[in-house]
Amino acid sequence: MNETVERTVGRRALAREKLWMGLSLREYLRGLATPFDIVAALILAVGLPVIAYRFAYGLGAATNLSQTNPWGLWIGLDVLSGVALAAGGYVLASTVYLFGLKQFYPVLRAAILTGFLGYFFVVVGLLVDLGRPWRIPYPVFYSYGVTSVMFLVAWHVFLYLTCQFLEFCPAVFEWLGWKNVRQWAVRMAIAATVFGVILSTLHQSALGALFLMAPTKLHPLWYTPFIPIYFFISSIIAGLTMVIVESALSHRVFQDQIDPQRHVNLDEITLGLGKAASVALFTYFFLRLLGIVDGGHWDLLDTPLGYWFLVELLGFVLLPCFLLAHGVRERNVRLVRGTALLTVIGIVINRLNVSLVAFNWNVADRYFPNWMEVVTSVTIITLGLITFRWIVNRMPVLREHPDYRGTHS
Amino acid sequence: MKINRRTFLKLAGATGAAGMMSRPRKARAAGLARLSDNSYAVLVDTTLCVGCRACEAACSEANRLPEPVMPGDQAVFEKERSTSPQSYTVVNRSRNTNEKETPRFVKSQCMHCVQPACASACPVRALVKSPEGPVVYQQDRCIGCRYCMVACPFGIPKFEYEKAVPSIRKCSFCAERQKQGKLPACAEVCPTGALKFGKREELLEIARTRIYQNPDRYIHHIYGEHEVGGTGWLYITDVPFEKLGFRMDLGTTSYPEFTWPFLSAVPFVLMLWPPFLMGIYAFTKNREKTTEAGEKKEARYE
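Below or above, wherever it landed, is the structure these notes cover. Because the structure is a prediction, the values reported are computed rather than measured.

1. Some points on the overall build of chain A
A tally of helices and strands in chain A yields 15 helices and zero strands. Looking at chain A residue by residue over its 409 residues, the buried ones come to 56%. Residue pairs at least 24 apart in sequence account for 78% of intrachain contacts in chain A once pairs closer than 6 positions are excluded. Taken as a whole, chain A presents about 17500 Å² of accessible surface, with 69% of it coming from carbon and sulfur.

Next up, the structure:
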């Protein structure tokens, strides 16, 4: 009898410490009445019923998709952009572990977490978009369409999600206080990193390669045989700039999590990442130029879509490239952060251009998302943010766990 | 790594082996093409089509689809229609600009490509090309990703957007009927011989002969002979193909070839990335060790 009481008390204490951040359940729930939580709750209150509606009545009822436009906002934003913006995980992991640039370690875990959650919610977005989402394991476990780029994407997302989970495991075990398992997980993490870089190279580019199948549907300025390379290089850029943006935001939002030493470090880290992003943008710009030369569609530059192409290329690739270079030179951290955000937006614009704007450019039936598609996308992003905060508040992501201070791996 | 004779021989051997591995695949691709040329096809001669739409009705009956809209009503041709989940084939009238031109009718349905984009795009082999010709859909595998719709240059796979449990719908070339030795429903019912069913190679000969014997009548082109690497449905006509709604900009490259260079690079990345990355890792470790050792030395001297 006594034993059971003790056990329940112990369990309660554990829940209190691990789940409610040391507060009682009531205090914890009261603490949730922040503006962020209220807005998030409102979004979910609208978004979750919309998602339920989509599953009950089909894609036709909930979206503006058509026989001509089979892919819409969910693929363009949640899947294509989501995967690109989640690239911070593999980019930072290779920077720290493979290139040995240990000064970037303080932002590594947050980057890996962003990557993991990014991919996780890409899969959530995909589940909403697939006609028969319960068959999502089919390409991996049941029927193999080996000639398909989509098959490659499916396998890589599956494997890479596993990889990123392994990479993040040390933080989970530190939170749970499982020292022995953590030791084992740390060793796994390095192997997972190498494997993860390989998988990322392949499937970031594979997402671009999907569109190689649409030579007559994708606008000639965007359609080039180099599209897989563009998607890969731009994912590196997205990864670097996303880490700048994400670390700036988390250091503001989760101030209590960070020791003062780190604030100083973050400026240096931001400049370092900005420099790398500037170089990558420069490379990317010239590769894109190569695409225009190779395609030879100079005349199309002088059309409305051509202007839009130039906006993407000059305004969201070349401009941030120079702004980042300038910001790093002048040690202007604010400029670097602002430009990083511009770059991230540019990558999203690129993915939306390839999948929606420049896709079916020559067809009368053009696609534009309806409100339910927008709400669903916003809901999925909100779920991602909530999960991110939930984990950061509990696990050693931004801070170091006192038991493992300075072990750095 | 030091390259001595043994490692050199190993590398040379591996390279040679890799080279040999790539050869059978090319041979296999060629073999597939030959096989497909021997497959069944339909030759559509639009000069013989009167626009009776009996093929539409027969198709609906054979596939248990709703009856075609506006049966027997010429007004149906006012608006250009496309296939849908409820109608696998539609007949349209040519896009004539003035009254004097003779109207031509054209039937559209799945082209049953020799190397179909949809089948090569499908991640779960829900769409497959059978050696007899039909590109068939296996509903029990489909995950509903709609990549086939993105890939198909003819816009043929149609999705059941209105259903909570949707499938892809398209013409199956009556693969089941063909197995039983019957003609596709449309070809069987066609009263004018505008649809001729047969071996693809033989139909190409017939088409060439017709053009050769009536050089002033026909456009000198067999649509589908080379388009997107060849299709199972072939068309000849006496009006410009554009007027019949055909896209003339599709090229002759088969669609699987667009992704093939990328897919064939995958094994190389898988093979070369790990040693490359591990090499960088080893280099980094080594540099760290050297630096540490150097720092210790300096510390001793201070």
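2. So, the overall build of chain B
The secondary structure content of chain B amounts to eight helices and nine strands. Residue burial in chain B is summarised as follows: out of 302 residues, 44% are buried. When contacts within chain B are restricted to residue pairs at least 6 apart in sequence, those whose partners lie at least 24 apart make up 57%. For chain B, the accessible area works out to roughly 16800 Å², and carbon and sulfur atoms hold 57% of it.

3. Some thoughts on unusual backbone geometry
Phi is positive for B:Arg53, which is not a glycine, with a value near 65°. Locating B:Arg53 in the fold gives a position in the loop between strand E1 (40-45) and helix H2 (54-62).

4. Brief notes about the packing of helix H5 (residues 73-85) of chain A against helix H10 (residues 179-209) of chain A
All names here are of chain A. Relative orientation of the contacting elements H5 and H10 amounts to 150°, with a least axis distance of 11 Å. Here H10 runs roughly antiparallel to H5, going by the angle between their axes. Considering how the two elements wind past one another, H5 and H10 form a crossing that is left-handed. For the pair H5 and H10, contact is made by Leu80, Val83 and Ala84 and by His203, Gln204 and Leu207, respectively. Tallied by class, the residues present in the contact of H5 with H10 amount to four nonpolar, two polar and no charged.

5. Side note on the packing of aromatic side chains
With the rule as written, the count across this model stands at 32 aromatic pairs over all chains. Plain terms: the ring middles of B:Tyr235 and B:Phe246 are 4.7 Å apart, the flat faces sit at 65° to each other, and that makes the pair edge-to-face. One end of the pair, B:Tyr235, is in strand E9 (residues 233-236); the other, B:Phe246, is in the loop between E9 and helix H8 (256-301), and eleven residues separate them in sequence. Per residue, the accessibility class of B:Tyr235 equals that of B:Phe246, and both read buried. Linked through ring pairs, A:Phe141, A:Tyr144, A:Phe151, A:Trp155 and A:Phe158 together constitute an aromatic cluster. The lysine or arginine in question, A:Arg351, covers the ring of A:Phe231, its NZ or CZ lying 3.9 Å from the ring centre.

6. Remarks on the interface of chain A and chain B
Taken together, the 57 residues of chain A in the interface contact 53 residues of chain B. The contact between chain A and chain B buries some 4800 Å² in all, and 63% of this surface belongs to carbon and sulfur atoms. It is A:Gln67, A:Arg132 and A:Met213 that lose the most area in chain A upon contact with chain B, and together they represent 17% of the buried surface on that side. Here chain A is connected to chain B by one salt bridge. The tally of links from chain A across to chain B stands at 28 residue pairs in polar contact (both at pLDDT 80 or more). Secondary-structure elements contributing two or more residues to the side of chain A that touches chain B are helix H3 (35-57), helix H4 (59-62), helix H6 (88-98), helix H8 (138-141), helix H9 (149-176) and H10 of chain A. Partitioned by chemical class, the residues of the side of chain A that touches chain B number 37 nonpolar, 15 polar and five charged.

7. Remarks on the pairing of E9(B)
All names here are of chain B. Taking every second residue as pointing to the same face, both faces of E9 are buried, with Trp233 and Tyr235 on one and Leu234 and Ile236 on the other. Where E1 lies against E9, four bridges are found, and the strand directions are parallel. Bridged to Val44 within E9 is Tyr235.

8. Topic: the pattern of salt bridges
Residues and elements named next belong to chain A. All chains considered together, the criterion is met by 20 salt bridges over all chains. Between Arg288 and Glu312 there is a salt bridge, with the nearest N and O atoms lying 2.9 Å from each other. Linking Arg288 in helix H12 (residues 260-295) with Glu312 in helix H13 (residues 304-329), this pair joins segments that are 24 residues apart in sequence. Take Arg288: its relative accessible area is 4%, and that puts it in the buried class. Residue Glu312 is classed as buried on the basis of its relative accessible area, which comes to 2%.

9. Description of a nonpolar patch on the surface
Residue and element names in this part refer to chain A. Judged by side-chain polarity, Trp178, Val181, Trp184 and Met188 come together as a nonpolar surface patch covering roughly 380 Å² of accessible area. Note that Trp184 resides in helix H10. Relative accessible area serves as the criterion here: at 48%, Trp184 is assigned to the partly exposed category.

10. Notes on the packing of H3(A) against helix H7 (residues 108-129) of chain A
When two helices pack together, their arrangement is given by the angle between the helix axes and by the axis-to-axis distance. Residue and element names in this part refer to chain A. Between H3 and H7, whose axes approach to 10 Å, the crossing angle comes to 40°. As far as their axial angle goes, H7 and H3 are oblique. Side by side, H3 and H7 meet where Ile51, Arg54 and Phe55 of the first sit next to Leu127, Val128 and Asp129 of the second.

11. Some words on the layout of surface pockets
Residue and element names in this part refer to chain B. In this model, the second largest pocket occupies a volume close to 1100 Å³. Ser82, Phe154, Gly155, Gly245 and Arg247 are the residues nearest the centre of the second largest pocket, which is lined by 35 residues in total. No other element matches strand E3 (residues 105-108), which puts three residues into the lining of the second largest pocket. Of the residues in the lining of the second largest pocket, the class split is 15 nonpolar, eleven polar and nine charged.

12. Remarks on the sheet that holds E1(B)
Working definition: the strands of a sheet are paired by backbone hydrogen bonds and lie parallel or antiparallel to each other. All names here are of chain B. The mixed open sheet is built from three strands, whose spatial order is E8-E1-E9. Either end of the sheet is taken by a strand with one partner, and the two such strands are strand E8 (195-199) and E9. Pairwise comparison of adjacent strand axes, ignoring direction, gives a mean angle of 25° for this sheet. Its contacts with the sheet put helix H7 (residues 200-213) on E1, E8 and E9, and the angle it makes with E8 is roughly 130°.

Parameters and conventions
- Residues numbered from 1 in each chain as written.
- Chains lettered and ligands numbered in written order.
- Predicted model: local features only at pLDDT ≥ 70, side-chain atom pairs only at ≥ 80, totals over all residues.
- Heavy atoms only, no water.
- Helix = DSSP H or I, 4+ residues; strand = E, 2+ residues; numbered from the N terminus.
- Buried < 20%, exposed > 50% of the residue type's maximum accessible area, 1.4 Å probe, protein only.
- Contact = heavy atoms within 4.5 Å.
- Areas by Shrake-Rupley, 256 points an atom, 1.4 Å probe, with all protein chains shown as cover.
- Axes fitted to C-alpha atoms, helices over the stretch in contact; angles between N-to-C directions.
- Parallel < 35°, antiparallel > 145°, perpendicular 65-115°, else oblique.
- Left-handed = near helix turned anticlockwise from the far one by under 90°.
- Nonpolar A, V, L, I, M, F, W, Y, C, P; charged D, E, K, R; others polar.
- Phe/Tyr/Trp six-rings, centres within 6.5 Å; stacked < 30°, edge-to-face > 60°.
- Lys NZ or Arg CZ within 6 Å of the ring centre and 35° of its normal.
- Buried area = accessible area lost by both parts, 1.4 Å probe.
- Salt bridge = Lys/Arg side-chain N within 4 Å of Asp/Glu carboxyl O.
- Polar contact = N/O pair within 3.5 Å; in protein donor to acceptor, adjacent residues only side chain to side chain.
- Pairing = 2+ DSSP bridges.
- Patch = residues over 30% accessible without salt bridge, like charges linked within 9 Å, V, L, I, M, F, W, Y side chains within 5 Å.
- 1 Å grid on protein atoms, 1.4 Å probe; cavity = no way out; pocket = protein on both sides within 12 Å on 5 of 7 lines; lining within 4 Å.
- Points joined across faces, edges and corners; volume = space filled by probe spheres on them.

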